[in-house]
Structure formats: structure tokens, C-alpha cells
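# Examination of the molecular architecture
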Amino acid sequence: MSEEEDIILSELDDEELVQQMYDDLYDGLKEEIEESVNILLSRGWAPYKILTEALVGGMTIVGADFRDGILFVPEVLLAANAMKGGMFILKPLLAETGAPRMGSMVIGTVKGDIHDIGKNLVSMMMEGAGFEVVDIGINNPVENYLEALEEHQPDILGMSALLTTTMPYMKVVIDTMIEQGKRDDYIVLVGGAPLNEEFGKAIGADAYCRDAAVAVETAKEYVARKHNAMTA
Ligand code: B1M
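Residues numbered from 1 in each chain as written. Predicted model: local features only at pLDDT ≥ 70, side-chain atom pairs only at ≥ 80, totals over all residues. Heavy atoms only, no water.

Among protein residues, the single donor to the cobalt atom of the ligand is His-115 (NE2), with a metal-donor distance of 2.2 Å. Take His-115: it is sitting in the loop between strand E1 (103-109) and helix H6 (117-128). (Donors = N, O, S within 2.8 Å, 3.2 Å for Na, K, Ca; no water. Helix = DSSP H or I, 4+ residues; strand = E, 2+ residues; numbered from the N terminus.)

Take the sheet that holds strand E4 (residues 187-191) next. With parallel pairing, five strands are arranged side by side in an open sheet as E2-E1-E3-E4-E5. Two strands close off the open sheet at either side, each with one partner strand: strand E2 (131-135) and strand E5 (207-209). In this sheet, adjacent strand axes meet at a mean angle of 25° when their direction is disregarded. Inspection of the sheet shows E4 paired to E5 by three bridges, in the parallel sense. Considered in E5, the bridge of Gly-191 is made with Cys-209. Where H6 meets the sheet, it contacts E1, E2 and strand E3 (156-160), and its direction lies at approximately 155° from that of E2. (Pairing = 2+ DSSP bridges. Axes fitted to C-alpha atoms, helices over the stretch in contact; angles between N-to-C directions. Contact = heavy atoms within 4.5 Å.)

The local shell around the ligand holds 32 residues, among which Arg-67, Ile-114, His-115, Asp-116 and Ser-160 are the closest. At 3.2 Å from an oxygen atom of the ligand is found a main-chain nitrogen or oxygen belonging to Ala-212. Per element, the largest residue contribution to the shell around the ligand is five residues, and it comes from helix H5 (residues 73-95). Shared between two domains, the shell around the ligand takes at least three residues from each, and those domains are domain 1 (7-97) and domain 2 (104-231). (Near = heavy atom within 4 Å. Polar contact = N/O pair within 3.5 Å; in protein donor to acceptor, adjacent residues only side chain to side chain. Domains from an automatic or database assignment.)

Moving on, we come to the environment of Val-133. Inspection of the secondary structure puts Val-133 in strand E2. When its relative accessible area of 15% is taken as the criterion, Val-133 is described as buried. Taking C-alpha positions, Val-133 is 18 Å from Lys-226, a pair spaced 93 residues apart along the chain. Those residues within four positions of Val-133 in sequence are excluded, and the remaining contacts are Met-105, Ile-107, Ser-123, Met-126 and Glu-127. (Buried < 20%, exposed > 50% of the residue type's maximum accessible area, 1.4 Å probe, protein only.)

Below, the discussion takes up H5. In a regular helix each residue adds 1.5 Å, so 23 residues correspond to 33 Å; H5 covers 31 Å between its end C-alpha atoms and thus fits that length. Along its length, H5 reaches its greatest deviation from straightness, about 30°, at Ile-89, and the proline Pro-92 lies no more than four positions downstream. Close packing links the buried residues of H5 with helix H2 (14-26), helix H3 (30-42), helix H4 (47-67) and H6. (Expected span 1.5 Å × (residues − 1). Bend = angle between axes of the 7 residues up to and from the residue.)

Now for the UniProt feature "domain: B12-binding" (unreviewed entry) in the protein chain. When the UniProt feature table is mapped onto this chain numbering, "domain: B12-binding" (unreviewed entry) sits at residues 102-232. Secondary structure within residues 102-232 divides into 46% helix and 19% strand; the distance between the first and last C-alpha atoms comes to 19 Å. (UniProt positions renumbered as here; feature names shortened; annotations may be inferred.)

For the structure on display, the rule yields twelve salt bridges. Arg-67 serves as the salt-bridge partner of Asp-68, at 3.0 Å between the closest nitrogen and oxygen. Given the relative accessible area of 64%, Arg-67 is considered exposed. (Salt bridge = Lys/Arg side-chain N within 4 Å of Asp/Glu carboxyl O.)

Written as C-alpha cells, this is what we have:
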């Protein structure tokens, strides 16, 4: 039996357990990640703290080694799958905050891009904050966004991109909305690791959101502004 198999997760203290979760995420061990999430919950950790400190923290390490050619796509897929296992447990807990209904959002990852962990996290946090979220998934051409906007009439359109090659597609979506005279009907928020505030401004989005917490705060602020403008 290897040393790894001897580890009893529930016997580790919080700090050791989080370190172990980094290792387990790195190794794509979904069941272990799920068990650790449950242990941290039973120790009174807030779902958001588990999400950001343990899961996102672990994924940052995976990202660095992926960039440096130490990890490859199959391993990163396993890590992503393990992360999703943990997120699945936290999702209902984040949504259970009893927050009043704040507004609605259609969100999707742009065409050519299949990264969805960040988008899912944003959706979860938005739902937790009282927003109704329609998630249209990954690899969305402009038509998908327009159809979803037409069908659901949300307050907000959210777009996610993780690749420098796919982020310009956000402009295609916004330009099409302008052409069709629909741009000002929605608050457009964009996010994803390669973006920044300048890019958000340059493509005509209302705001760039650095992370899921910022997305929630920005969404609240813009929806309040919109409602104030409507009642003024
Ligand atoms: Co990809 N990948 N990947 N990948 N991948 C990156 C993005 C990369 C930076 C890795 C690296 O080189 N260091 C790199 C992009 C380089 C670049 O463009 N500059 C890269 C590459 C190159 C690729 C491929 C091209 C690799 C290949 O095939 N050779 C390929 C492309 C596939 C495609 O999309 N067409 C590819 C594939 C994959 C996997 C399928 C293996 C897997 C995705 C699995 C999945 O998502 N289901 C994967 C993963 C997991 C990553 C990394 C390691 C992790 C991404 C992640 O989930 N982060 C990533 C490296 C990295 O980012 N460090 C990498 C955790 C997540 C919580 O953070 O997504 O940033 P993030 O979301 C944050 C914020 O950005 C923000 O809030 C979130 C929560 O705080 N946010 C929003 C995100 N979207 C938002 C939307 C909003 C608001 C905020 O709307 C309102």
C-alpha cells in the first residue's frame, strides 16, 4: 500500500487537508475532493471559503503546471472533473442564502472556447446572491446569445472566455447587438482570465469582472442603477 492510500482525510487538520486537496485536485481524484469538501463543511467552513481557498486555490496550481508543460490536457480534464465534483456539493449551499430576487442573467462561454469552470462558478455565486441564471453552456456562436436574450429577456448578458484567441469573439456578439439595436437593452458583463478592464471597455461591455465575487457586486450595482433609471 502506498503512503498516499494511508492518508485518512478526516484526521488531517484544516491546513493539512487543504494542502491535501491541492494534491488531490492535481491528481484528479474526484471522490477524495468530494470527501474533503464534506469534511470542511462539517467543520463549519463557509461554502464560499471552501470554493475560493481550497478548490480555486488548487486549480491555480494546476493552471501554472499546465502553462509550463508539466501537465497536459487529459490530466487537466481530470482535475477539472474533480473540481466540478466539489462545486456540485457546494452549489445548493451557495444558493441557499435566501437572498431576495435581484435580477436575471444569461451567461455562456464564447464560440471556440470550452472552458466552463469559471462560468459555472459565476453562475453559482449569482444564484446564491438571488439572481436567476440561464446558463447556455460553452462554445456559443452569436446566434445562441441572441436567441437566449430574446427568450429570457434577462437584465444581464454575461460572457466568459479563457483563451486569448476566443476573447475577441465577445466583440462580435456586442457589435451584432448594436447592429440589431439591442445593445442598450442589456447590461453586458464579461470575464475570464485573459481579459482586463481595458479590454472590457474597448469591446463595449459595461464592465469586466475579475472574479465571481466581483461579478456579483457589479451585477447588483448595474441592476440597481437600471431600476433607478427606470423609476426616475
Ligand atoms: Co485550458 N487553457 N486549454 N483547459 N485551461 C488555460 C485557459 C491556459 C491559460 C493554460 C495555460 O497555458 N496556462 C491556456 C490559455 C492560454 C491563452 O490563451 N493565453 C489554455 C489552453 C492553451 C488550452 C488549450 C488550447 C490546450 C490545448 O488543447 N493545447 C485547450 C483549448 C480548448 C478550447 O477551449 N477550445 C484547453 C483545454 C482545457 C481543458 C479542456 C483541458 C480544461 C477545461 C475544462 C473545463 O473548463 N471544463 C482546461 C483548463 C481547466 C484550464 C486551466 C488550467 C484552468 C481554467 C479554470 O478552470 N480556472 C487554465 C489555466 C488558468 O486559468 N490558470 C487553462 C479556474 C476558474 C475558477 O477560473 O476560469 O479564470 P477562471 O474564472 C474566474 C474568472 O476568470 C472570472 O470568474 C471566475 C471565478 O472567479 N470569470 C468570469 C470567468 N468567466 C467569467 C464570466 C463573467 C464574469 C467573471 O461574466 C460576467
